[in-house]
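A look at the structure
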Amino acid sequence: MNAFEPLASLAAELLPHALEPSEDGAHDLSHLQRVWHNARTLQAEEGGDLEVLLAAVLLHDCVAVEKNSPLRSQASRLAAEKASTVLATLNWPEAKISAVTHAIEAHSFSANIHPLTLEARLVQDADRLDSLGMLGVARTFYTAGRMGSALYDPHDPEARERDYDDKRFCLDHFRTKLLHLADGFQTAAGQRLARIRHQRLKGFMEQFKEEIGVV
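With an unreviewed UniProt entry as reference, the protein is termed HD domain-containing protein, source organism Pseudomonas fitomaticsae.

Shown next as structure tokens:
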């Protein structure tokens, strides 16, 4: 519980509801710990309600939907609905429940919901930071392996004469999503940290291409 300080007691209440049984190591307890660390770092500069932030962080993936599921774009809505039920049983006030559920709904890249509150902007930024930098690299290749994707197209690694297909080729995912994430951060603190991790992503890609013989 030390990873969720200064609200360890709240974390103890919510963690039993935070993760459904799943073999997805990109969305596990360590992911929640990292997103909470990011959220606290951002909140220290931007402000915001820590209880709302922790509840949203812990419950933002509380419904497990695989990346290749047709329900993927609905994952954040399903998680928000479950979170609302959980918090109601814990007698949270309606206003705080609404704040948490909006932050959960708006955190998802695929849901394309604009965050309207400071807490929602912080949760979105905190979660997206975990998709950048070396963690973003690690999670991307891990997920590609789980989904059965190849590392890259051996005939056309940079998709110069084909469309990107990040379901078949892991390297394509950097172009279709990861290298665009830094442009969408909501807070000044998030934007600053995103630029640092974005440069790490670009550096990885350049070294990767060099090692596979792409010039």
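There is more to say after this.
Next up on the list: the overall build of the protein. Looking only at helices and strands, the protein features nine helices and zero strands. Order of helices (α) and strands (β) in the protein, N terminus to C terminus: α-α-α-α-α-α-α-α-α. Taking 17 Å as the expected radius of gyration for a compact globule of 215 residues, we find that the protein reaches 18 Å, a close match to that expectation. Judged by the C-alpha coordinates and their principal axes, the protein covers about 60 × 35 × 30 Å. For the protein, the residues scored as buried account for 47% of the 215 residues in total. Long-range contacts, defined as pairs at least 24 residues apart, comprise 66% of the intrachain contacts of the protein with a sequence gap of at least 6. Accessible surface for the protein amounts to roughly 10700 Å². Of this, 51% is attributable to carbon and sulfur atoms. One finds the centroid of the 23 positive side-chain charges in the protein at a distance of 3 Å from the centroid of its 31 negative side-chain charges.

What follows is about the pattern of salt bridges. Across all of its chains, the model carries eleven salt bridges by this definition. Here Arg-34 ties to Asp-130 by a salt bridge, and the two come within 2.8 Å at their closest N and O atoms. Remark: Asp-130 occurs in the loop between helix H6 (118-129) and helix H7 (133-147) and Arg-34 occurs in helix H2 (residues 29-46); sequence separation between them is 96 residues. By relative accessible area, Asp-130 is classed as buried at 0%. The closest approach of N and O atoms between Asp-130 and Arg-139, which form a salt bridge, is 3.4 Å.

Below, the discussion takes up helix H9 (residues 188-211). End to end, H9 covers 35 Å across 24 residues, agreeing with the expected 34 Å (1.5 Å per residue, within 8%). Regarding H9, the residues found buried are Ala-189, Gly-190, Ala-194, Arg-197, His-198, Leu-201, Phe-204, Met-205, Phe-208 and Lys-209. In this structure, the buried side of H9 is in contact with H2, H6, H7 and helix H8 (170-181). Of the residues flanking the end of H9, it is Gly-213, one or two places downstream, whose phi is positive at about 85 degrees.

This brings us to the packing of H2 against H9. H9 packs onto H2 with a crossing angle of 135 degrees between their chain directions and a minimal axis gap of 8 Å. The orientation of H2 relative to H9 falls into the category oblique. In this structure, H2 uses Asn-38, Thr-41, Leu-42, Glu-45 and Glu-46 to contact H9, whose residues at the interface are Ala-188, Ala-189, Gly-190, Arg-192, Leu-193 and Arg-197. For the contact of H2 with H9, a count of residues per class yields four nonpolar, three polar and four charged.

Okay, the nonpolar core next. Counting 57 residues, the largest nonpolar core has Leu-14, Trp-36, Leu-54, Val-100, Ile-104 and Phe-174 as its most contacted members. It is helix H3 (residues 50-59) that contributes the most residues to this core, eight residues altogether. Residue contacts for Trp-36: discarding those within four places in its chain leaves Ala-3, Phe-4, Glu-5, Pro-6, Leu-7, Leu-50, Leu-53, Leu-54 and Val-57.

The rules behind these values
- In this numbering scheme, every chain counts its residues from 1 along its sequence in written order.
- Thresholds applied to this predicted model are a pLDDT of at least 70 for local features of residues and 80 or more for the giving and counting of side-chain atom pairs; totals over whole chains, interfaces and linings are not thresholded and use all residues.
- Only hydrogens and water are set aside when side-chain values are computed; all heavy atoms of the structure are taken into account.
- Helical segments are the DSSP runs of H or I of at least four residues, strand segments are the runs of E of at least two, and each set is numbered from the N terminus.
- Each radius of gyration reported is based on C-alpha atoms, and the globular scaling rule is 2.2 Å times the count of residues to the power 0.38.
- Exposure categories follow from relative accessible area, calculated using a 1.4 Å probe and restricted to protein chains: below 20% of the type maximum is buried, above 50% is exposed, and the middle band is partly exposed.
- We call two residues contacting when some pair of their heavy atoms lies within 4.5 Å.
- In these tables, accessible area is a Shrake-Rupley quantity obtained with a 1.4 Å probe, and a residue counts as shielded only by the protein chains included in the view.
- The charge count treats Lys and Arg as positive and Asp and Glu as negative. His and the chain ends do not count.
- Just so you know, the charge point we use is NZ for Lys, CZ for Arg, CG for Asp and CD for Glu.
- When a carboxyl oxygen of Asp or Glu is within 4 Å of a side-chain nitrogen of Lys or Arg, the pair counts as a salt bridge.
- Take the number of residues in a helix, subtract one, and multiply by 1.5 Å to get its expected span.
- To get an axis, a line is fitted to the C-alpha atoms, and for a helix only the part in contact is used. The angle between two axes follows their N-to-C directions and goes from 0 to 180 degrees.
- Angle categories are assigned with fixed cut-offs, so that under 35 degrees is roughly parallel, over 145 is roughly antiparallel, 65 to 115 is roughly perpendicular, and the rest are oblique.
- Amino acids outside the nonpolar list (Ala, Val, Leu, Ile, Met, Phe, Trp, Tyr, Cys, Pro) and the charged list (Asp, Glu, Lys, Arg) are all regarded as polar, and Gly is one of them.
- Take the buried residues of types Ala, Val, Leu, Ile, Met, Phe, Trp, Tyr and Cys, join any two whose side-chain atoms come within 4.5 Å, and each joined set is a nonpolar core.

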